Each structure stands twice: as C-alpha cells, then as structure tokens.
Amino acid sequence: MAAFRRIARLGSVLLVLGAVLGPVPAGSATRGGGIPGERTTAVAGQDEDPYQLAGRRIVLSYPGPTPPPETLRAIREGRAAGVILFGENVTGPEQLAEAVARLKEAAAAARHPRPLLLMTDQEGGRVRRLPGAPELSARRTGSAPDPLLAAVDSGTGAAATLTGAGLNVNLAPVLDVYDTPDNFIDHFERSFGQDPSRVGALGSAFLAAQQSRGVAATAKHFPGLGSAARDENTDARPVTLPVPLAQLRSRGEAPYRAAIAAGVRLVMASWAIYPALDPDRPAGFSPTVIQGELRDRLGFGGVTITDALEAGALTPYGDTGTRAVSAAAAGMDLILCSARDPQQGEDATEALAAALGSGRLDRAAFTRSVTRVDALREALR
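Trainee: Explain helix H14 (residues 363-379) to me, please; I cannot follow it from the model alone.
Mentor: Because each turn of an α-helix spans 3.6 residues, side chains separated by three or four positions end up pointing in the same direction. Here H14 spans 24 Å end to end across 17 residues, near enough to the 24 Å set by a 1.5 Å rise per residue. Residues Arg363, Phe366, Thr367, Ser369, Val370, Val373, Asp374, Ala375, Leu376, Arg377 and Glu378 constitute the buried set of H14. The secondary structure elements touched by the buried residues of H14 are helix H2 (50-55), strand E3 (117-120), strand E7 (216-222), strand E8 (266-269), strand E11 (303-305) and helix H13 (342-358). The backbone nitrogen of Ala364 lies 3.2 Å from a side-chain oxygen of the residue at the head of H14, namely Asp362.

Okay, structure coming up:
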C-alpha cells in the first residue's frame, strides 16, 4: 500500500512538472487561472445596480464562532463574493461544519445563487488556521530529502483539510524568495527557499496538487516580500522595498511565471511599496504593478485579491472606503475585508458602489472584475 501511495504521488509530481515546464500558449482559455468551458449565471452587465455589483467583489469576515446576522444578510442579498475564516472562527469540527452550513444556506437563498468563496490561510507549519495538514512549513518542505514530493504532499494535505471543512480557497502558497536568513518571510518559515526557480517549482507543485482536488490556490505576495527585513511587516506598518527593477523581476516575480503556467487561480498583491515600479503607492494600489506587471507582462488572467484591507501599511491611505476604491482602480478583483468586523465589508461595498455610480471607477473594467470572480465561484461548486 505504501508503494502504491508513492507511485500515485509521483504521478502527481509528473503532472506538476508538465504544467511548470510546458507553458500555456498566449490566448489560451486556461492561461493564468482561466477555467475552460465555464459558464456563469446572471453575468455582470452594464445595467446592473452598482451596489449589487460592488458586493460581488467583497470578501467578508466576522468575529467569533457564529456568523452574525449582518454577514448572513449581506450574503443572502448577493453582496458578498466570499468569507475568510480565522482561528477565532473555529472551536471544533462540529461548530465549524454548522457555521459553514449557515454561510452556504445564505448564499443559496440569494436571488442569483452562487457558491461562496470560503477561504483561509493554510500555508503549513506555523501558519494554519485549521487543525490538520499541511504539517510542514514551506522552509521544511524546501529542505526535505525530496522537496518536490513534499510540496505535492503539502498541497494534497491542504486540499484535504479545506474540503473536509467545506472550504474551497486557500490563501497559499507563498512565493516570496527570501534573500537574508531569518528576515521577515524566512523567520516564520514561509518561504520555500532563496532560489527563484526552486520556489517557483515547489510553489507550483503545491498549488497544482491542491487545485486538482478542488481547492483554488492563491500565490502571494506579488511582486514579492522576500527582501523585507525582520521588522518590515506590512500588517503592522508601511514598508518600502527599494529593490532594483532587474532584481525584482529576476527574483521576486520569477516564481509567478511558473505558478501562472501551472494555472494558479488567484494572486494576492503585497502592500509594500516598490519604488522601481511605483514610488508612490503600495503594490495593491498600483495599476503599474497589477495591470502592467502582473496582467500585461506576466499574462495572469485569473482573479486578483488584496491582502488585508485593514493592514497597518495602509494607514496613510485613508479609510476603508478609500482603500477599497484605490484597490479596485488598480485592478484588484477581490477586496479582502478581514478585520472580523461586518461593518468593514459594508463600508467597502458602499464606497465601491458610489465610485462606480459616479464614474470614478470605469464600469467596463468593474464588470470584467465581477465576471472573473463569478466565474471562479461557479467553478468551485
């Protein structure tokens, strides 16, 4: 039996290598997270209510183990694309199953019912919101005797943990290539290593194994936090990473080429500032980074998602609504309202709707974002 399991895992490795080494041709329906043959109900259109369209770009969160009435109401009214879960939302398997069931029931009661994007951070090692696999951190995966096989096992384990809990999106793997031992990303063992090619191959192995089992993967944090010093945490404060453009592309962005070729469904942007690309705005607020680098230069066609909208790095950039509009204007499809405060999602929705209604946000671009998100939701039934 052990030999059979190893043969099966090796088969998965070969499939991953095929994805990584065989780039998808430009223009293919599956390039960069696209889903072939997918169809959506009630596709976003030019005449739809701005408030409804705005809500379909919001990921909600809530405090404690029970989804509150405000969250369930927003979902029933079609004003949520998904929900992110944290450790405080989980007290045990039965409680989690009940909470997920209530969230799904609310989505099914919407006028145009679509599956919710139910997500968490299940990277492995110290960064796991749910009990269970993957046990290995990214660092330990990268240093395993057979790292590619370990990455496949980690991706497989992450998928089993999430599907067992009724979730369908993992905010992993991390593709940051660390440059200094024990810096911000390496200290918590969140990086596969210092070699961009190795990080790309192992991250792609993780995500391909996970996605083959029905859980969408998220590559993060574009265009890379690998040069951040130990105390440069965007969750806590503004961070500027003065990496030369050539180095940023050859190290920070390089693993994303492999991930996009492997079909990663989502990419999360960093909240750091990269002066070589945009000296004035964090990556997730920068059209140069999101549209110019990620979409146009690297060819990503899937769903983009912000990091936490309440992050300390965004303190200089206004309130929740202002931040949501800035992210949408840059090309971020999903707005991650992860403060565990239902009002945060409502504030972001109202601001997006007002900006769309006034013309500050382009309706055609807004609609394309909603359509990408809807397509992902339909594919993850």
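After that view, the rundown keeps rolling.
Trainee: In this structure, what is going on with the environment of Asp341? I would like to understand it.
Mentor: Relative to the assigned elements, Asp341 resides in the loop between strand E12 (335-336) and H13. The exposure class assigned to Asp341 is partly exposed, which follows from its relative accessible area of 37%.

Trainee: In this structure, what is going on with the packing of aromatic side chains? I would like to understand it.
Mentor: For any pair of aromatic rings, the description consists of the separation of the ring centres together with the inter-plane angle of the planes. Counted according to the given criterion, the structure contains four aromatic pairs. One aromatic cluster is present, formed by Trp271, Phe285 and Tyr317 through successive ring pairs. When the ring centre of Phe366 is taken as origin, the NZ or CZ atom of Arg57, which lies over that ring, is 4.4 Å away. The ring centre of Phe86 lies 3.8 Å from the NZ or CZ of Arg340, which sits over that ring.

Trainee: What is the right way to read the layout of surface pockets from this model?
Mentor: With a probe scaled to a water molecule rolled over the atoms, the places where space remains empty come into view. The space that makes up the largest pocket amounts to roughly 470 Å³. Residue lining of the largest pocket: 25 residues in total, with Asp121, Arg129, Arg190, Asp235 and Asp307 positioned closest to the centre.

Trainee: I'm lost on the pairing of E3 in this one. Help?
Mentor: Within a regular strand, the side chains alternate between the two sheet faces. Both faces of E3 are covered, namely the face carrying Leu117 and Met119 and the face carrying Leu118 and Thr120. Sheet topology places strand E2 (residues 82-84) next to E3; three bridges connect them, and they run parallel. Bridge pairing in E3 links Ile84 to Met119. Regarding topology, helix H4 (residues 93-108) serves as the crossover connection from E2 to the parallel E3, and that connection is right-handed.

Trainee: Is there a simple way to explain the sheet that holds E7 in this structure?
Mentor: In a beta sheet, neighbouring strands pair by backbone hydrogen bonds and run either parallel or antiparallel. Spatially, eight strands are ordered E11-E8-E7-E6-E3-E2-E1-E12 in an open sheet, and the strand pairing comes out parallel. In this open sheet, the two strands that pair with only one neighbour each are E11 and E12. Relative to strand E6 (residues 169-170), E3 runs parallel, the two being bridged by two bridges. Bridge pairing in E6 links Thr120 to Asn170.

Trainee: Quick question: what am I supposed to make of the environment of Gln211 here?
Mentor: Summarising the element assignment, Gln211 is placed in helix H8 (residues 196-211). Residues Gln211 and Ala159, spaced 52 residues apart in sequence, show a C-alpha to C-alpha distance of 7.6 Å. Sequence-distant contacts of Gln211, defined by excluding residues within four places in its chain, comprise Ala216, Ala217, Gly263, Val264 and Arg265. Within the local environment of Gln211, its side chain forms a polar contact with the backbone nitrogen of Ala217, the two atoms lying 3.0 Å apart.

Trainee: What am I meant to see in unusual backbone geometry here?
Mentor: For residues other than glycine, phi is negative in most cases, and the peptide bonds are mostly trans. Here the amide bond leading from Ala133 into Pro134 is cis, since omega sits at 0 degrees, within 30 degrees of zero. Cis peptide bonds are those with omega within 30 degrees of zero, and the linkage from Ala172 to Pro173 qualifies with 15 degrees. You can see Pro173 is positioned in the loop between E6 and helix H7 (184-187). A positive phi angle is found at Asp182, which is not glycine, with a value near 65 degrees. Note on placement: Asp182 falls in the loop between E6 and H7. Judged by relative accessible area, Asp182 falls into the partly exposed class, the value being 37%. Backbone geometry at Glu189 places phi at a positive 60 degrees, although glycine is not the residue there. Tracing the backbone shows Glu189 in the loop between H7 and H8.

Basis of the calculations
- Residues numbered from 1 in each chain as written.
- Predicted model: local features only at pLDDT ≥ 70, side-chain atom pairs only at ≥ 80, totals over all residues.
- Heavy atoms only, no water.
- Helix = DSSP H or I, 4+ residues; strand = E, 2+ residues; numbered from the N terminus.
- Expected span 1.5 Å × (residues − 1).
- Buried < 20%, exposed > 50% of the residue type's maximum accessible area, 1.4 Å probe, protein only.
- Contact = heavy atoms within 4.5 Å.
- Polar contact = N/O pair within 3.5 Å; in protein donor to acceptor, adjacent residues only side chain to side chain.
- Phe/Tyr/Trp six-rings, centres within 6.5 Å; stacked < 30°, edge-to-face > 60°.
- Lys NZ or Arg CZ within 6 Å of the ring centre and 35° of its normal.
- 1 Å grid on protein atoms, 1.4 Å probe; cavity = no way out; pocket = protein on both sides within 12 Å on 5 of 7 lines; lining within 4 Å.
- Points joined across faces, edges and corners; volume = space filled by probe spheres on them.
- Pairing = 2+ DSSP bridges.
- Right-handed = clockwise from strand over helix to strand, strands pointing away.

Note that all results are geometric; they support no functional claim without further evidence.
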